[in-house]
Protein chains: 2
Amino acid sequence: MNEPPKTSPADMSPPRARQAFRTGLRVPTSGYCAGWTQANLIALPRAYAYDFLLFSQRNPRSCPVLDVSEPGEARTSIFDGDLRTDLPAYRVYSEGEFVAERDEVTDLWRDDLVCFLIGCSFTFETALLQAGVPVRHLEQGSNVPMYRTSRNCRPAGTLHAPLVVSMRPIPADLVATAVRVTARYPAVHGAPLHVGSPEQLGITDLDRPDFGDAVEIRPGEVPVFWGCGVTPQAAVMRSKPPFALAHAPGHMAVTDTHDSAFLVP
Amino acid sequence: MNEPPKTSPADMSPPRARQAFRTGLRVPTSGYCAGWTQANLIALPRAYAYDFLLFSQRNPRSCPVLDVSEPGEARTSIFDGDLRTDLPAYRVYSEGEFVAERDEVTDLWRDDLVCFLIGCSFTFETALLQAGVPVRHLEQGSNVPMYRTSRNCRPAGTLHAPLVVSMRPIPADLVATAVRVTARYPAVHGAPLHVGSPEQLGITDLDRPDFGDAVEIRPGEVPVFWGCGVTPQAAVMRSKPPFALAHAPGHMAVTDTHDSAFLVP
């Protein structure tokens, strides 16, 4: 029998990508399933669900909620897969400590877990490319760099967190284009929170991101910062709920919703 | 001593309007405090707060949450007044039954009440007027007509509700303008949910709104329907939590936030 024809990551359908991740492929998902919305995952016990939903309402730029599961359910209305297995990699937190990175988390599942899918800036990268804005981590084939900043989110109940941002170096003459293009996607972080001056965010070394990979910043390029859906994991680390599951940064949930659903016309 | 100079409702500041409402003025707030955001109020026991916040997340067109109080607190970050006294009129619900309309609700306050401020379509009426789109209930000096529809919102936990809409008759050649103008305010109901054909929404008689006042529809005008923040009260009536407080329809909380905060550029 012949092998099925190879499909490029960008051309994969969400079910096919999820199958690949479920059966062992462990890669950052940036560039996969072009046009299909990717999401950050945070799963928390039901007792923390109100605080988290309120935290999201108060910090919509970093935590735009796309969908919420029923307690114990591993799928949502926009994710027709299994949230315990269909992401490339997971992080496990116990009392706020990052204790393991895993391929799947079926054995750790609990009936009281509520899954929150949070918008991801990968969603607008197709639109950036179409507007002629280069996306460096895609060119490099690496994960986007993410940084814990010195700015605090608005707290909610037991949850407090530093703001986490993703960074893309943008040629100075394309910064305005990048702002305009991404502003049209407010549900997936929207416009940049900050352009240039990483030191104002308390970022001392762009070459040492807190999550993901460093990328080259070329002469004439400006570091541009967007809100990042890893912020909930920073909240878990600081606020220490007894248990939490999350995607590994950059290794997202590929949903069955199209990016155009989040485009403001 | 001379009386202070009269201020038109549109020119009032939020603190001044709240003082007037606190001291007995009982009128619909459409047209008051031009440019300042008005909000629907629903206050529910903390035990129902997660369900309500999730209901809002699942029904953002009818229930866009602008702000949430801490349990027992009668103010929020965008409302520097007293939510128990500073609205023109309140409705009280017990086990889902509408039991009283009141000028203030201080004596009914409870330490576990969480106040949700929900975006209100009055917010974009200034923008409609500036775009040359007439707003009939302002011309008539009456309350906006609101209708319970035959469409259901997505339920969340214990909460389920019919969609409630507000209606404005718009001249046919200005419907597109009204859509474009209001689409720029997604946090306060945004674009219309429905244009024309009230029977498709299960509305049999536009002259008999479920809340507010009927308005004249002139030849050549089309009834245009927007999501309405009275939907939470419809949820209370159908889902019957033990206790709830709300604004009287059309008698909103005037906040200290400017409409421009909700404008998508």
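Residues numbered from 1 in each chain as written. Chains lettered and ligands numbered in written order. Predicted model: local features only at pLDDT ≥ 70, side-chain atom pairs only at ≥ 80, totals over all residues. Heavy atoms only, no water.

### Some thoughts on the sheet that holds strand E9 (residues 221-227) of chain B
All names here are of chain B. Strand order in this open sheet of four strands is E6-E7-E9-E8, and the pairing throughout is antiparallel. For this open sheet the edge positions go to strand E6 (146-152) and strand E8 (194-195), each flanked by a neighbour on one side alone. Bridge count for E6 against strand E7 (residues 162-171) is four bridges, and the pairing is antiparallel. Bridge pairing links Tyr147 to Val165 in E7. Its contacts with the sheet put helix H5 (residues 175-183) on E7, E8 and E9, and the angle it makes with E9 is roughly 15°. Strands in contact with helix H6 (residues 231-239) are E6 and E7; relative to E7, the strand with the most contacts, it is inclined by about 150°. (Pairing = 2+ DSSP bridges. Helix = DSSP H or I, 4+ residues; strand = E, 2+ residues; numbered from the N terminus. Contact = heavy atoms within 4.5 Å. Axes fitted to C-alpha atoms, helices over the stretch in contact; angles between N-to-C directions.)

### Some thoughts on the relation of the copies chain B and chain A
Mapping chain B onto chain A calls for a rotation angle of 180° and an axial translation of 0.0 Å; the resulting RMSD is 0.0 Å. Taken together, the rotation and translation describe the operation of a two-fold axis. Closest approach to the rotation axis among the C-alpha atoms of chain B is made by Tyr50 of chain B, whose C-alpha sits 2.4 Å away. Comparing interface residues between copies, 100% of those in chain B also sit at the interface in chain A, which points to an isologous, same-surface contact. (Least-squares fit on C-alpha atoms with pLDDT ≥ 70 in both.)

### As for the interface of chain B and chain A
Quoted interface sizes are often the accessible area lost when the parts come together. Contacts between chain B and chain A engage 19 residues on the former and 19 residues on the latter. Of all residues in chain B, Tyr50, Leu53 and Gln57 of chain B give up the largest surface area on contact with chain A, accounting jointly for 39% of the area buried on that side. There are two salt bridges connecting chain B and chain A. Of the charged contacts, one joins Glu70 of chain A and Arg58 of chain B as a salt bridge, the two residues approaching to 3.0 Å between their closest N and O atoms. Contributions of two or more residues to the side of chain B that touches chain A are made by helix H2 (49-58), strand E2 (65-68) and strand E5 (113-119) of chain B. For the side of chain B that touches chain A, the leading source of residues is H2 of chain B, giving seven residues. When its residues are assigned to classes, the side of chain B that touches chain A shows 10 nonpolar, three polar and six charged. (Buried area = accessible area lost by both parts, 1.4 Å probe. Salt bridge = Lys/Arg side-chain N within 4 Å of Asp/Glu carboxyl O. Nonpolar A, V, L, I, M, F, W, Y, C, P; charged D, E, K, R; others polar.)

### Some thoughts on the packing of aromatic side chains
Counted under the stated rule, the structure contains 12 aromatic pairs over all chains. Residues Tyr93 of chain A and Phe98 of chain A carry aromatic rings whose centres are separated by 5.9 Å and whose planes lie at 45° to one another, so their mutual orientation is tilted. Three or more aromatic residues link up through ring pairs in this structure, and these residues are Phe52, Phe55 and Phe116 of chain A. Across the ring face of Trp226 of chain A, the terminal group of Arg168 of chain A is positioned such that the distance to the ring centre comes to 5.2 Å. Cation over ring: Arg84 of chain B sits above Trp109 of chain B, and NZ or CZ is 5.9 Å from the ring centre. (Phe/Tyr/Trp six-rings, centres within 6.5 Å; stacked < 30°, edge-to-face > 60°. Lys NZ or Arg CZ within 6 Å of the ring centre and 35° of its normal.)

By themselves, these are just geometric observations and shouldn't be taken as functional.
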